[in-house]
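Letter by letter, the chains look like this.
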Amino acid sequence: MYKKNYDVIVIGGGPAGLAAAIAAKKEGAPKVLIVERDESLGGILQQCVHPGFGLHLLGEELTGPEYSYHYIKQLDELGIEVMLNTMVLNIEENNIIHAVNQEYGVCNLSYKSLVLAMGCRERTRGNIMIPGTRPAGIFTAGTAQRFINIEGYMVGKKVVILGSGDIGMIMARRMTLEGAEVLAVVELLPYLSGLTRNKVQCLDDFEIPLYLSHTVVDIKGNERVEEVVVAPVDQSLKPILDKSWSIECDTLLLSVGLIPENELTREKGIEINPLTKGPIVDHMMRTSNKDIFACGNVVHVNDLADNVSIESEIAGKYAGIHAIDKDLDGDKTIEIVPGEGVRYTVPNKIIINQYNDKNFKVFFRVNEPNSNIVLKAMANGKTLKELKKKKVSPGEIEQITIPKEELKHVDSSISILCLKED
């Protein structure tokens, strides 16, 4: 059995894992390893050939591969080890992970700090239980993206997309540019699931119709999809079948949400947030297990790769500090809770310790679209920070920064609120 000891092991070589590993190494952790199950680093970024990455964090507009290369090129410079084509099987109690690959067989890898950065997966037809036949021509949007951008296969000519998630809208544009006809994007909710900028650039600019408060209620076809049946939904999201109509097509793409990859997290017994389906983390991105950190879409599904990198740099920084035998515990814990108009927050708590930064950044999603609102962080009836925004949407992550000096006014918890402006 192959055995080796490390200070920090990062599971996942996508944008989260890359940023975390680099931050851990820069913080002083001598031996850092990335374990990636795919044949190359970069994760989903390698198939995202569209621009729009790096605008917030790097100050330039890059494609997905360009954005990942910004991090990948630093690995050799920093001496970070990588194991590709390697699947992690489990996490043992004595800070050992068991992995397997073709080169070494079963690997026994020990760590002082472990970073979970496995990303997320797409929801499939089985997850949403669309009735109908089971013909060819049904793909998740991400699978179609990989076929076209990496494998070089065209998946269809007449396309309907279910769901207005970002990958779905981006694939509406991509399919159009490749010569397909995108007949409709159908969204169950009464509002957009993805970024507004993607609606403008990918749907509006190409005159692709978007049907909000609609869903696919049937799929018809023998060997290949021949048509889908679309119906509006009522306020309870139940289809109004007597108002349904059919769209002739040969392809249905599903962009109906993402699920954080947390099988290893659950097996380890780490506390899970029922709202995000990811681990509960403090401001250091540390989980309920003090040796294990988590970042990126494992914690919550992000809207921007830039935000993934920001969170992951935090996780890597503190994983590095912890690995060199420094205590991250503190004298005080402050809970961060979603208040009025807010669905969830990340992180879930702040630990007051000697490594606190000057400011604490809180990411969150709102419950519904709204305009002319105020975002507030409040504790003990006092406003710690507030921001005014013209528009908010559940499809876009908001953030608020709480100054460290304001925490002296907090007893036990901070509420994050989204309020209509007076």
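Scoring rules and cut-offs
Residues numbered from 1 in each chain as written. Predicted model: local features only at pLDDT ≥ 70, side-chain atom pairs only at ≥ 80, totals over all residues. Heavy atoms only, no water. Helix = DSSP H or I, 4+ residues; strand = E, 2+ residues; numbered from the N terminus. Expected span 1.5 Å × (residues − 1). Buried < 20%, exposed > 50% of the residue type's maximum accessible area, 1.4 Å probe, protein only. Contact = heavy atoms within 4.5 Å. Salt bridge = Lys/Arg side-chain N within 4 Å of Asp/Glu carboxyl O. Phe/Tyr/Trp six-rings, centres within 6.5 Å; stacked < 30°, edge-to-face > 60°. Lys NZ or Arg CZ within 6 Å of the ring centre and 35° of its normal. Axes fitted to C-alpha atoms, helices over the stretch in contact; angles between N-to-C directions. Parallel < 35°, antiparallel > 145°, perpendicular 65-115°, else oblique. Left-handed = near helix turned anticlockwise from the far one by under 90°. Nonpolar A, V, L, I, M, F, W, Y, C, P; charged D, E, K, R; others polar. 1 Å grid on protein atoms, 1.4 Å probe; cavity = no way out; pocket = protein on both sides within 12 Å on 5 of 7 lines; lining within 4 Å. Points joined across faces, edges and corners; volume = space filled by probe spheres on them. Pairing = 2+ DSSP bridges. Core = buried A, V, L, I, M, F, W, Y, C linked by side-chain atoms within 4.5 Å.

Here we look at helix H2 (residues 64-78)
Point 1. For H2, which comprises 15 residues, the first-to-last C-alpha distance of 22 Å matches the rise-based estimate of 21 Å (1.5 Å per residue) to within 8%.
Point 2. Within H2 the residues assigned to the buried category are Gly64, Tyr67, Ser68, Tyr71, Gln74 and Leu75.
Point 3. For H2, the secondary structure elements touched by its buried residues are helix H1 (15-26), strand E3 (32-35), strand E4 (51-53), strand E5 (62-63), strand E6 (81-83) and helix H8 (305-323).
Point 4. Just downstream of H2 lies Gly79, where phi reads positive at about 75 degrees.

Re the pattern of salt bridges
Point 1. Scanning the entire structure with this criterion turns up 16 salt bridges.
Point 2. Ionic pairing is found between Glu93 and Lys268, a salt bridge with its closest N-O pair at 3.9 Å. One end of the pair, Glu93, is in the loop between strand E7 (87-91) and strand E8 (96-101); the other, Lys268, is in the loop between helix H7 (263-267) and strand E21 (292-294), and 175 residues separate them in sequence.
Point 3. Judged by relative accessible area, Glu93 falls into the exposed class, the value being 68%.
Point 4. The buried category is assigned to Lys268, whose relative accessible area is 12%.
Point 5. Between Glu386 and Lys376 there is a salt bridge; the shortest N-O distance is 3.9 Å. Here Glu386 is found in strand E27 (residues 382-392), whereas its partner Lys376 is found in strand E26 (residues 370-379), with ten residues between them in sequence.
Point 6. Taking relative accessible area as the criterion, Glu386 reaches 37% and is therefore assigned partly exposed.
Point 7. In this structure, a network of salt bridges that share partners links the residues Arg37, Arg121, Glu261 and Glu263.

So, the environment of Ser213
Point 1. Tracing the backbone through its elements, the reader meets Ser213 in the loop between strand E15 (210-211) and strand E16 (214-221).
Point 2. Residue Ser213 is classed as partly exposed on the basis of its relative accessible area, which comes to 22%.
Point 3. A sequence separation of 203 residues divides Ser213 from Val10, and the C-alpha atoms of the two residues are 40 Å apart.
Point 4. In this view, Ser213 contacts Glu187, Leu188, Leu189, Pro190, Ala231, Pro232 and Val233; residues no more than four positions away in its chain are not counted.

Digging into the packing of aromatic side chains
Point 1. Taken as a whole and assessed by the stated rule, the structure comprises six aromatic pairs.
Point 2. Through successive ring pairs, a cluster of aromatic residues spans Phe53, Tyr67 and Tyr71.
Point 3. The cationic tip of Lys31 hangs over the ring face of Tyr6; the distance from NZ or CZ to the ring centre is 5.5 Å.

Quick word on the packing of helix H5 (residues 166-177) against helix H6 (residues 196-203)
Point 1. Taken N-terminus to C-terminus, the directions of H5 and H6 make an angle of 15 degrees; their axes are 8 Å apart at the nearest point. Viewed along their axes, H5 and H6 adopt a mutual orientation that is roughly parallel. Seen along the crossing, H5 lies across H6 with a hand that is left-handed. Here H5 contributes Asp166, Met169, Ile170, Ala172 and Arg173 to the contact with H6, which in turn contributes Asn198, Lys199, Gln201, Cys202 and Leu203.
Point 2. Along the lines of polarity and charge, the residues of the contact of H5 with H6 split into five nonpolar, two polar and three charged.

Quick word on the layout of surface pockets
Point 1. Quantified by volume, the second largest pocket comes out at close to 570 Å³.
Point 2. Thr196, Lys391, Val392, Ser393 and Glu396 are the residues nearest the centre of the second largest pocket, which is lined by 24 residues in total.
Point 3. Only H6, H8, E27 and strand E28 (398-403) provide two or more residues apiece to the lining of the second largest pocket.
Point 4. The residue makeup of the lining of the second largest pocket, split by class, is ten nonpolar, seven polar and seven charged.

A short note on the packing of H1 against H2
Point 1. Between H1 and H2, whose axes approach to 10 Å, the crossing angle comes to 35 degrees. In this structure, the crossing between H1 and H2 has a hand that is left-handed. Each of Leu18, Ala19, Ile22, Lys25 and Lys26 in H1 lies in contact with H2, whose residues at this interface are Ser68, Tyr71, Ile72, Gln74, Leu75 and Leu78.
Point 2. Of the residues contributing to the contact of H1 with H2, the split by class is seven nonpolar, two polar and two charged.

Quick look at the sheet that holds strand E10 (residues 113-116)
Point 1. Taken in spatial order, the five strands line up as E6-E3-E2-E10-E21 in an open sheet, and their pairing is parallel. Each end of this open sheet is capped by a strand with a single partner; those strands are E6 and E21. Averaged over all neighbouring strand pairs, the angle between strand axes comes to 20 degrees, with direction disregarded.
Point 2. Alignment of E3 against E6, held across three bridges, turns out to be parallel. From the neighbouring strand, Ile34 faces E6, where its bridge partner is Val82.
Point 3. Along the sheet face, H1 touches strand E2 (8-11), E3 and E10 and points at about 170 degrees away from the line of E3.
Point 4. The strands touched by H8 within the sheet are E2, E10 and E21, with E21 carrying the most contacts at an inclination of about 170 degrees.

Looking at H8
Count 3.6 residues to each turn of an α-helix, and residues three or four apart come out pointing the same way.
Point 1. In this model H8 runs 26 Å from its N-terminal to its C-terminal C-alpha over 19 residues, within 8% of the 27 Å that 1.5 Å per residue would give.
Point 2. Burial analysis of H8 places 15 of its 19 residues in the buried class, the great majority of the element.

Quick notes on the nonpolar core
Point 1. Residues Val8, Ile9, Ile97, Leu109, Leu114 and Leu116 are the most contacted members of the largest nonpolar core, which totals 64 residues.
Point 2. Setting aside chain neighbours within four positions, we find Leu116 in contact with Ile11, Ile91, Thr265, Ile270, Ile292, Phe293, Ala294, Cys295 and Val298.
Point 3. Core analysis: the next-biggest nonpolar cluster, separate from the first, contains 21 residues, Ile334, Ile336, Ile400 and Ile416 among them.

A short note on the sheet that holds E15
Point 1. Within the open sheet, the five strands sit side by side as E12-E19-E13-E14-E15. Their pairing is parallel. Each edge of the open sheet is held by one strand with a lone partner, namely strand E12 (138-140) and E15.
Point 2. With two bridges joining them, strand E14 (residues 181-186) and E15 adopt parallel strand pairing. Following the sheet pairing, Val185 is matched in E15 by Leu210.

On their own, these measurements won't tell you what the molecule is for.
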